[in-house]
Amino acid sequence: MIRVTIWNENFHERMAEFDEKFRPYQEKVLAVHPNGLHNTLADLVRELGDEVTIRTATLDMPDAGLPQEVLDDTDVLLWWGHMAHDQVPDEVVDRVQQAVLNGMGLIVLHSAHHSKVFKRLMGTTCDICWRDDTFERVFCVEPSHPIAQGLPRYFELDVEECYGERFDIPKPDDVVFMAWHDIGEVLRCGCTFTRGYGKIFYFQPGHETNRSYYNQNVRTIIKNAVKWAAPHCRRTVHGAPHIDVTLEELRLGKK
């Protein structure tokens, strides 16, 4: 059983509460994700059936929805953010970083490339170039990777936000997917990383007003990523363990 937590800043779904001028955009988002992006993603992951248990967490909850006990009970964390990166408390970022280093899987979605959590783990700006409303074709360039299982050589998304190179990230462990947009931009849109004991997958499609999370191929990728990122072992100590006895001491009978 993989314990999945889906985190969403939950800002676009509530933005008219902060300024009424945002109501038309909020309605546009809710037309695509009527119960919020976190619940759209929860419904997607729920297709894994008895393989998973799911909870959702949002920025407006106490401790941004991620107190230590939640992270201790999470095998894979999905993170969606866009407009409120700076509102995530640093102590939450510290906890998530340590959880990943200890073995928790992390799936970073769309605009969360600029989240504090992802930038902390990458150690770079994670900057891109971008433009709204383009046609996107996603190519599977590492078909032997577990996240790519069941995917065609390429698939198309009618409308998606264009992200383009250079994507300022460290060299990935694997580039599993590449995106091409009809304005000529390309992006390493599906990349894996290892940090400590934890596995990380970044995946670009998923703009809040587009329907990418309803695309069957996108859904397969995220479900595969959940299974791939689930830890096989977890580190329970913080920092380097102390060596109480060496092999040489054992050989000489000193311990």
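Residues numbered from 1 in each chain as written. Predicted model: local features only at pLDDT ≥ 70, side-chain atom pairs only at ≥ 80, totals over all residues. Heavy atoms only, no water.

**Q** I'd like to hear about the overall build of the protein, residue by residue, with values.
**A** Helix and strand content of the protein: seven helices and nine strands. In terms of overall dimensions, the protein is globule-like: its C-alpha atoms have a radius of gyration of 20 Å, near the 18 Å expected for 255 residues. Structurally, the protein occupies a C-alpha span of about 75 × 40 × 40 Å along its principal axes. Expressed as a percentage of its 255 residues, the buried residues of the protein come to 51%. Considering only contacts in the protein between residues 6 or more positions apart, those separated by 24 or more positions represent 72%. Counting only carbon and sulfur atoms, one obtains 50% of the accessible surface of the protein, whose full area is about 11,900 Å². Here the protein holds 28 positive side-chain charges and 39 negative ones, and the gap between their average locations is 5 Å. (Helix = DSSP H or I, 4+ residues; strand = E, 2+ residues; numbered from the N terminus. Rg over C-alpha atoms; globule rule 2.2 N^0.38 Å. Buried < 20%, exposed > 50% of the residue type's maximum accessible area, 1.4 Å probe, protein only. Contact = heavy atoms within 4.5 Å. Areas by Shrake-Rupley, 256 points an atom, 1.4 Å probe, with all protein chains shown as cover. Lys, Arg positive; Asp, Glu negative; His and termini not counted. Charge placed at Lys NZ, Arg CZ, Asp CG, Glu CD.)

**Q** Hey, could you go over the pairing of strand β1 (residues 2-8) for me, with residue numbers and the actual values?
**A** A large share of β1 lies buried, amounting to six of its seven residues. Here β1 pairs with strand β2 (residues 52-58) via seven bridges, running parallel. Looking at the pairing, Ile2 lines up with Val52 of β2. As paired strands, β1 and strand β3 (residues 76-80) are joined by five bridges and run parallel to one another. Its bridge partner lying in β3, Thr5 is registered against Leu77. (Pairing = 2+ DSSP bridges.)

**Q** So, the pairing of β3: which residues are in play, and what are the values?
**A** Counting buried residues along β3, five of its five residues qualify, which places the element largely inside the surrounding structure. Where burial is concerned, the two faces of β3 agree: the one with Val76, Leu78 and Trp80 and the one with Leu77 and Trp79 are both buried. Summarising the sheet, β3 and strand β4 (residues 105-109) pair through five bridges and their orientation is parallel. Residue Trp79 lies in a different strand from β4, and its bridge partner there is Val108. Remark: the β3/helix α4 (residues 90-101)/β4 crossover connection has right-handed handedness. (Right-handed = clockwise from strand over helix to strand, strands pointing away.)

**Q** Let's hear about the sheet that holds β4: which residues, and what values?
**A** Here nine strands make up an open sheet; going across it, the order is β2-β1-β3-β4-β9-β8-β7-β5-β6 and the pairing mixed. Looking at the sheet topology across the chains shown, the edges are occupied by β2 and β6 (154-164). Adjacent strand axes in the sheet meet at a mean angle of 25°, parallel and antiparallel pairs treated alike. As defined by bridge partners, strand β5 (residues 129-140) adjoins strand β7 (residues 174-181) across five bridges and the pair is classed as antiparallel. Bridge pairing in β7 links Cys140 to Phe177. On the sheet, α4 packs against β3, β4, β8 (186-195) and β9 (198-203) and is oriented at approximately 115° with respect to β9. (Axes fitted to C-alpha atoms, helices over the stretch in contact; angles between N-to-C directions.)

**Q** Kindly report on the side chain of Arg219, identifying the contributing residues and their values.
**A** Along the chain, Arg219 falls in helix α6 (residues 216-229). At 2.7 Å, the side chain of Arg219 forms a polar contact with the backbone oxygen of Tyr213. Other than its neighbours up to four places away in sequence, Arg219 contacts Asp43, Leu44, Glu47, Tyr213 and Tyr214. (Polar contact = N/O pair within 3.5 Å; in protein donor to acceptor, adjacent residues only side chain to side chain.)

**Q** I'd love a proper account of the nonpolar core, names of residues and values included.
**A** With 71 residues, the main nonpolar core has Leu66, Leu78, Trp79, Val96, Phe118 and Phe177 as its most contacted residues. By residue number, the principal contributor to this core is α6, which donates seven residues. Not counting residues within four places of it along the chain, the set of residues in contact with Leu78 comprises Val4, Thr5, Ile6, Trp7, Val45, Ile107, Leu109, Ile222 and Val226. (Core = buried A, V, L, I, M, F, W, Y, C linked by side-chain atoms within 4.5 Å.)

**Q** Can you break down unusual backbone geometry residue by residue, with the values?
**A** Looking along the chain, the bond that leaves Glu165 and enters Arg166 is cis, with omega of 10°. One non-glycine residue, Asn10, adopts positive backbone phi at about 60°. Mapped onto the elements of the fold, Asn10 is located in the loop between β1 and α1 (23-32). Look at Asp133: it is not a glycine, yet its phi comes out positive at around 55°. With respect to the element layout, Asp133 can be found in strand β5.

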